[in-house]
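Residue-level listing of the chains:
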Amino acid sequence: MSLAGPSQLTSVQFAMETGETDMDTTYDAVVIGGGTAGTIAAIQAGREGARTLLVEKNGMLGGTMTVGGVNAPAHFFAWGRQVIAGIGWELMRRTFKETGEPEPTADFTRENETPRHLSMDKSIFAALCDEAVIEAGADLLFHAMPAAVVFENEGWNLTICTKTGLREIRAKAVIDATGDANAVALAGFELERGETVQPATLHMSCSGYDVDTLDFAALKVASAEAVAAGELKTTDISWRDDGPESFLRLHGGNANHVSAPRADTSEGKSAVEVEGRRAMLRMHRFFRKQPGLGGFRVDWISPETGIRETVRIKGKKTVTAAEYEAGTLYDDAVCYAFYPVDEHRNDGLDTNYRLLRRHLLPTIPRGAMLPAHSRYLIVAGRCLSSDREANSALRVECPCMAMGQAAGAMAALSARKGLDPEDLPISDVREVLRRHGAVLPGDISLEAEPADSRKD
Ligand SMILES: Cc1cc2nc3c(=O)[nH]c(=O)nc-3n(C[C@H](O)[C@H](O)[C@H](O)COP(=O)(O)OP(=O)(O)OC[C@H]3O[C@@H](n4cnc5c(N)ncnc54)[C@H](O)[C@@H]3O)c2cc1C
C-alpha cells in the first residue's frame, strides 16, 4: 500500500482507489504538522526516498499560510537576489502558473526600504500542497495529532490520536513542525517561554462600504467612545491607537489583534479562537451603527486565528538578535533568512520593528533546529531556538519553508545513514538541498550588486 516505490500507493491514494483505509506502522520520517514548514519537510523527505508520514491536526495543508489566512510570504528575495528557493518557491511558482499570475522576480530594492510581500491564492496553494505531498510518495494523515512521543532503541514510538482511536507508529526520525513544539514537549525536552508573547490575529475579509465616503475623523471619535463604554477594544479594529481607518482601508484583508498567552495548548488555543471571534463580533456591531457602514459585512474569517508566538525550543544552538542583525554565517547554516525584527507588542498596540542593515543576510544554523540533548528529533518553523527578537524575524514564511526543506533533507539522510542529524556531515545536507533547488548559505556574495537590482 504505502510508499517505497513509484508503483505503490500512498495512504491517501489507497483510500481513494479502494474505499478502504490502511497505513504503514513504520516510517523513516514522521512529520508532525503540515503547515508552512512541515508540508515542505514531508515533500523533501519523500522526494529523497524516505518513507514519510505527515500528520496534521486540520483538514488542510499550509498552516498559517492557508488556514490562518496569511498568504503573504516574506521574503524569497533580498538585495536584488533570490535568497530562498527550493521546494517552497516551486510551490509558489506552481500556484502562480495555476492562477495565471506573473512569477515575481528579484524585485527587492538595494536600500533599507520596506520589502514587498508576495501574495498567492491560498485555496490553490493548499490543493497544490496536497498534490506535491502525494507525488512525493508521502502518507498523509489529516485530523490526527500525537498523544505520546517516546525515544526508544534509537528511534521514536509515536502514539497518534485519530478519529477512530490511537495508532502506534515507529519512526527513525521525527520532525516537529507544529509551530508550538508540541512533539518536542511530549518527548520531554525543554522549551523557552517568554514572559509575554506577541498577540494573535484573526484575519477576515469585510465589505459593504465605500472608503471614499467615510468620515474617518468622526469614526475615530465614535470608536474612542465605544472603547470607553466597554463595547469595543482598540485592538478589535486597529494595531495602533489611531482609530479604524487603516482597518477599513485594508478591504479584504482586515485584521485585529487578540491576546494569546498560551496558544500552544488546546485550552489556550480554544480561548484565542473564542476571543478572536468575540473581537470580530464587537467590531461588526460597532461598525454597523456608524454612518456609511450600515451595510458593513464580514464575508470571510480564517478558520483559525493566526498565532505569531508561543514557545521556542532550547536548541543545540540559539540564534540571538545580535547574531541575526550582524548577518552571522554559521558553520552549520542550512538556509538564509531575511526579514526585519518585527515584534507586535503584547498589549496589541504598535510593533518593535527594525530593518536589517544594508546588504546583511542572516542565516539559520542546523543547531537551532535540534532540541538540546535530543536524538533524531528536528524542529522546523517558528519555534526554532532563538531569542524573542530574533524569533520575531525568523518566524516568517520563507525561512520556515527553507527550514522545512532542511529538516526533510536531514531526516531522510539520518534514516539512510543511521546517523543523528547533528552527526551528518553538513556538506551532505547541503548537497541534498542543492539538488532540490535550495539556495545555500555562502552561495551569495553581497559585495557586488547585481545589475538588475538597480531599480528606481
Ligand atoms: C497574523 C499573522 C500575520 C503574519 N504575517 C506574515 C507575513 O505577512 N509574511 C510572512 O512571511 N509571515 C507572516 N507571519 C508569520 C508566518 O505566517 C508564520 O510564523 C509561519 O507561517 C509559521 O510557520 P510554521 O510552519 O512554523 O507553523 P504553521 O504554518 O502554523 O504550521 C503548523 C502546522 O502544524 C499543525 N499542528 C499544530 N499543532 C499540531 C499537533 N499537535 N499535531 C498535528 N498538527 C499540529 C497546524 O495545524 C499547522 O498546520 C504572520 C503570522 C501571523 C500569525
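Nothing here was measured: the structure is a model prediction, and the numbers come from that model.

1. Things to note about the site of the ligand
Part 1 of the reasoning: Taken together, 37 residues are adjacent to the ligand, and Gly33, Gly35, Gly63, Gly306 and Gly381 come closest.
Part 2 of the reasoning: Looking at the shell around the ligand, the elements with two or more residues in it are helix H2 (36–47), strand S2 (52–56), strand S6 (145–152) and helix H12 (397–417).
Part 3 of the reasoning: Looking at which element gives the most residues to the shell around the ligand, the answer is H2, with 3 residues.
Part 4 of the reasoning: Considered class by class, the residues forming the shell around the ligand number 14 nonpolar, 16 polar and 7 charged.

2. Some thoughts on the pairing of strand S10 (residues 203–207)
Part 1 of the reasoning: As judged from the 2 bridges shared by S10 and strand S11 (residues 254–255), these two strands associate in the antiparallel manner. Across the sheet, residue Met204 finds its bridge partner in S11, namely Asn254.
Part 2 of the reasoning: Where S10 and strand S12 (residues 297–301) come together, 4 bridges link them in antiparallel fashion. Bridge pairing links Met204 to Ile301 in S12.

3. Side note on the environment of Arg382
Part 1 of the reasoning: Tracing the chain through its elements places Arg382 in the loop between strand S18 (377–379) and helix H11 (388–394).
Part 2 of the reasoning: The class of Arg382 is buried, set by 31 C-beta atoms lying within 10 Å.
Part 3 of the reasoning: Along the primary structure Arg382 and Ala37 are separated by 345 residues, whereas in three dimensions their C-alpha atoms are 8.6 Å apart.

4. Quick notes on the environment of Asp236
Part 1 of the reasoning: Tracing the chain through its elements places Asp236 in helix H7 (residues 234–237).
Part 2 of the reasoning: Put simply, Asp236 and Gly348 are 112 residues apart on the chain and 9.5 Å apart in space, counted from C-alpha to C-alpha.
Part 3 of the reasoning: What Asp236 contacts, discounting residues up to four positions off in sequence, is Asn256, Ala279, Arg282 and Met283.

5. Brief notes about the confidence of the model for the chain
Part 1 of the reasoning: Looking at the chain, the pLDDT average stands at 92 and 94% of residues meet or exceed 70.
Part 2 of the reasoning: Low pLDDT, under 50, characterises residues 1–7; the stretch is placed with 17 contacts to residues that sit more than four places away or in other chains.
Part 3 of the reasoning: Under a pLDDT of 50 for its full length, residues 450–456 has, in the predicted model, 11 contacts with residues more than four places off or in other chains.

6. Quick look at the packing of helix H3 (residues 86–99) against H12
Part 1 of the reasoning: Between H3 and H12, whose axes approach to 7 Å, the crossing angle comes to 120°. Here H12 runs oblique to H3, going by the angle between their axes. Here Gly86, Ile87 and Gly88 of H3 lie close against H12, whose contacting residues are Cys398, Met401, Ala402 and Gln405.
Part 2 of the reasoning: Of the residues belonging to the contact of H3 with H12, the class tally is 4 nonpolar, 3 polar and no charged.

7. A look at the nonpolar core
Part 1 of the reasoning: In this structure, Ala29 and Ile175 are the most contacted members of the largest nonpolar core, which totals 104 residues.
Part 2 of the reasoning: At 13 residues, the largest contribution of residues to this core is made by H12.
Part 3 of the reasoning: Apart from the residues lying within four places of it in its own chain, the contact partners of Ala29 are Ala45, Ala50, Thr52, Ala171, Lys172, Ala173, Ile175, Ala411, Ala412 and Ala415.

What counts, and where the lines are drawn
- Residues numbered from 1 in each chain as written.
- Predicted model: local features only at pLDDT ≥ 70, side-chain atom pairs only at ≥ 80, totals over all residues.
- Near = placed C-beta within 6 Å.
- Helix = DSSP H or I, 4+ residues; strand = E, 2+ residues; numbered from the N terminus.
- Nonpolar A, V, L, I, M, F, W, Y, C, P; charged D, E, K, R; others polar.
- Pairing = 2+ DSSP bridges.
- Buried ≥ 20, exposed ≤ 12 C-beta atoms within 10 Å, placed from the backbone.
- Contact = placed C-beta atoms within 7 Å.
- pLDDT = per-residue confidence, 0-100.
- Axes fitted to C-alpha atoms, helices over the stretch in contact; angles between N-to-C directions.
- Parallel < 35°, antiparallel > 145°, perpendicular 65-115°, else oblique.
- Core = buried A, V, L, I, M, F, W, Y, C linked by C-beta atoms within 7 Å.

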